[in-house]
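Remarks on the overall topology
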Amino acid sequence: ELPAEISGSIDSRGDEDWIRFSSPTSGLHTFLLDWTSASADYDLYLYSTGLSELESAISTTPGESFNYSLIAGTEYYVIVYGYSTPTGSWTLRIE
């Protein structure tokens, strides 16, 4: 169900957290990733079920975000990737 808020943690450099979801409605949605460690660098990706990259946010500043038009009933994967250390908790909001 969207909007949604999901939390997790990155345990080491290169760690990936995968979240599978299905959009109940079609339309533009905002993906917002925040984390607790100011010196960490996490990246955010959106993939189709066929594992094609649809969108990404890979800046070096704290917090990542993008907008993407989802299709109702379609499954997607969101990946939170720990680009650099340190480890820490993250929160993803899909609005």
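These remarks concern the structure in this document. (Residues numbered from 1 in each chain as written. Predicted model: local features only at pLDDT ≥ 70, side-chain atom pairs only at ≥ 80, totals over all residues. Heavy atoms only, no water.)

Concerning the packing of aromatic side chains
Counted according to the given criterion, the structure contains 7 aromatic pairs. Where Phe21 meets Tyr76, the ring centres are 5.6 Å apart and the plane angle is 25°; that geometry is what we call stacked. In this pair, Phe21 is assigned in strand β2 (residues 16-22) and Tyr76 in strand β7 (residues 75-84), connecting sequence segments 55 residues apart. No difference in accessibility class separates Phe21 from Tyr76, as the two residues are buried. Ring centres of Trp35 and Tyr42 lie 5.0 Å apart, and the angle between their planes is 50°; this geometry places the pair in the tilted category. In terms of burial, Trp35 and Tyr42 fall into one category: buried. Among the aromatic residues, those joined into a cluster by ring pairs are Trp18, Tyr45, Tyr47 and Tyr77. A cation sits over an aromatic face here: Arg13 above Tyr83, 5.8 Å from the ring centre. (Phe/Tyr/Trp six-rings, centres within 6.5 Å; stacked < 30°, edge-to-face > 60°. Helix = DSSP H or I, 4+ residues; strand = E, 2+ residues; numbered from the N terminus. Buried < 20%, exposed > 50% of the residue type's maximum accessible area, 1.4 Å probe, protein only. Lys NZ or Arg CZ within 6 Å of the ring centre and 35° of its normal.)

Observations concerning the pattern of salt bridges
Summed over the entire model, instances satisfying the criterion amount to 2 salt bridges. In this structure, Asp34 engages Arg93 in a salt bridge whose closest nitrogen and oxygen atoms are separated by 3.9 Å. Residue Asp34 is located in strand β3 (residues 27-35), and its partner Arg93 is located in strand β8 (residues 88-94); the two are separated by 59 residues in the primary sequence. The exposure class of Asp34 is partly exposed, given its relative accessible area of 39%. Residue classification places Arg93 among the partly exposed positions, given a relative accessible area of 30%. Of the charged contacts in the structure, one is a salt bridge between Arg93 and Glu95, with a shortest N-O distance of 3.3 Å. Put simply, Asp34, Arg93 and Glu95 are held in one network by salt bridges that share partners. (Salt bridge = Lys/Arg side-chain N within 4 Å of Asp/Glu carboxyl O.)

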